[in-house]
Amino acid sequence: LGIWLSFTETKIGQPGHFVGLENYGWIIDDPKFQTAVFFTIFYTVVASVFKFAVGLYLAILLNEKLPFKAIIRAIVLIPFIVPTVLSAIAFWWIFDPQFSVISWSLKKTGLITENINFLGDVWNSRFSVIFANVWRGVPFIAISLLAGLQTVPPSLYEAATLDGASRWQMFVKITYPLLTPIIAVVMTFSVLFTFTDFQLIKVLTNGGPAGATELMATMSYNTAILGGRIGEGSAISTAMVPFLLAAIMVSWFGLQRRKWQAGSDSND
């Protein structure tokens, strides 16, 4: 239905007529849509890279013998368990231009003289929402990779230790290759969740300032629901599909090339 509506001029309360690719021509030429596409890709790539790096580090750390390991794992899951809207409201206060605890702390230490405009500056707001997304998404990746780490046979590490391998060599030659299938699946989900993020942006910045943090998902909602232009909003949401399919296909072809499930020779 969404795809069909994208080819019509449907508006709220009015039946639409078929207009072909007119809506797509409009959004491609729209500077706001171009900005939304740029930031959606930038937001997805940067957040996914940081989530993977921090999540992998936490997974390796939690896989070690630590005191109170079960409690630490539960604490790590908290950001993922807390509802997104509540997380966004919390970060909204943290990034508040007047009452920000970050600005207050930095002023007390003498590092800054005036409050940081986290959500009012273009790039400050972009990195602020990326930070919030990373904080929320790291637990999913960390726990998933931790589950994968626990399936690696300890005998492989013992043999590598006897051969004099360093921790980095064991990670490159044993841990990372065996985690590749799990990494592919987990990062595919992470990219999909990040690319289609809506609640965090809607509550935290609502696409501001001046559309700097507008994602394709939020722009689709604002155009179709708030603006009443169902056809144009549907075209924006449909335009997201090729990007999502590309992310899925990269993961799928990567797994097929390695042929992990087929049990083929590792040199293939």
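Cut-off values and rules
- Residues numbered from 1 in each chain as written.
- Predicted model: local features only at pLDDT ≥ 70, side-chain atom pairs only at ≥ 80, totals over all residues.
- Heavy atoms only, no water.
- Helix = DSSP H or I, 4+ residues; strand = E, 2+ residues; numbered from the N terminus.
- Buried < 20%, exposed > 50% of the residue type's maximum accessible area, 1.4 Å probe, protein only.
- Contact = heavy atoms within 4.5 Å.
- Areas by Shrake-Rupley, 256 points an atom, 1.4 Å probe, with all protein chains shown as cover.
- Lys, Arg positive; Asp, Glu negative; His and termini not counted.
- Charge placed at Lys NZ, Arg CZ, Asp CG, Glu CD.
- Phe/Tyr/Trp six-rings, centres within 6.5 Å; stacked < 30°, edge-to-face > 60°.
- Core = buried A, V, L, I, M, F, W, Y, C linked by side-chain atoms within 4.5 Å.
- Expected span 1.5 Å × (residues − 1).
- Bend = angle between axes of the 7 residues up to and from the residue.
- Polar contact = N/O pair within 3.5 Å; in protein donor to acceptor, adjacent residues only side chain to side chain.
- pLDDT = per-residue confidence, 0-100.

## Topic: the overall build of the protein
Counting its regular elements, the protein contains 13 helices and zero strands. Tracing the protein from N to C terminus, the helices and strands come up as α-α-α-α-α-α-α-α-α-α-α-α-α. Seen along its three principal axes, the alpha-carbon backbone of the protein occupies a region of about 70 × 55 × 25 Å. Per-residue burial over the protein gives 40% buried out of 268 residues. Counting contacts in the protein only where the partners sit at least 6 residues apart, residues at least 24 apart contribute 67% of the total. For the protein, the computed accessible surface area is about 15300 Å², with 69% contributed by carbon and sulfur atoms. One way to put it: in the protein the 17 positive side-chain charges average out to a point 8 Å from where the 15 negative ones average out.

## Comments concerning the packing of aromatic side chains
As enumerated under the stated definition, the model contains 21 aromatic pairs in all. Ring centres 5.3 Å apart and planes at 75° place the aromatic pair F91 and W135 in the edge-to-face group. One end of the pair, F91, is in helix α5 (residues 84-94); the other, W135, is in helix α7 (residues 122-149), and 44 residues separate them in sequence. For W135, a relative accessible area of 34% gives the class partly exposed. Note on F189 and F193: the rings are 5.9 Å apart at their centroids and 40° apart in plane angle, and the pair reads as tilted. Taken as a pair, F189 and F193 lie in helix α9 (residues 167-195) at a separation of four residues, close to a single helical turn. The exposure class of F189 is partly exposed, given its relative accessible area of 40%.

## Describing the nonpolar core
With 33 residues, the main nonpolar core has Y43, V129, I130, L145 and L204 as its most contacted residues. Mapped onto this core, the elements with two or more residues apiece are α3 (31-62), α5, α7, α9 and α10 (199-204). Not counting the four nearest positions on each side in its chain, Y43 is found in contact with V129, I130, N133, T194, D197, L200, I201 and L215.

## Re α7
For α7, built from 28 residues, the straight-helix expectation of 40 Å at 1.5 Å per residue is met to within 8% by its first-to-last C-alpha distance of 39 Å. At G137, α7 is deflected by roughly 35°, the largest bend along its length, and proline P139 occurs up to four residues later in sequence. N-capping of α7 is provided by D121, with a side-chain oxygen placed 3.2 Å from the backbone N of W123.

## Some details on the confidence of the model for the protein
Atom-level detail of predicted coordinates should not be read off regions where pLDDT is low. Predicted confidence across the protein gives a mean pLDDT of 89, with 94% of residues reaching 70 or more. Taken element by element, the predicted model of the protein shows its lowest mean pLDDT in helix α13 (residues 240-258) (81) and its highest in helix α12 (residues 230-238) (95). When the criterion is pLDDT under 50, residues 260-264 qualifies, and its contacts beyond four places in sequence or with other chains add up to seven contacts.

## With respect to unusual backbone geometry
Here G208 and P209 are connected by a cis peptide whose omega angle stands at -5°. Looking at the secondary structure, you find P209 in the loop between α10 and α11 (216-226). The backbone of N206 shows a phi angle near 55°, a positive value even though the residue is not glycine. Looking at where N206 falls in the secondary structure, it is placed in the loop between α10 and α11. Look at A210: it is not a glycine, yet its phi comes out positive at around 55°. Its place among the elements puts A210 in the loop between α10 and α11.

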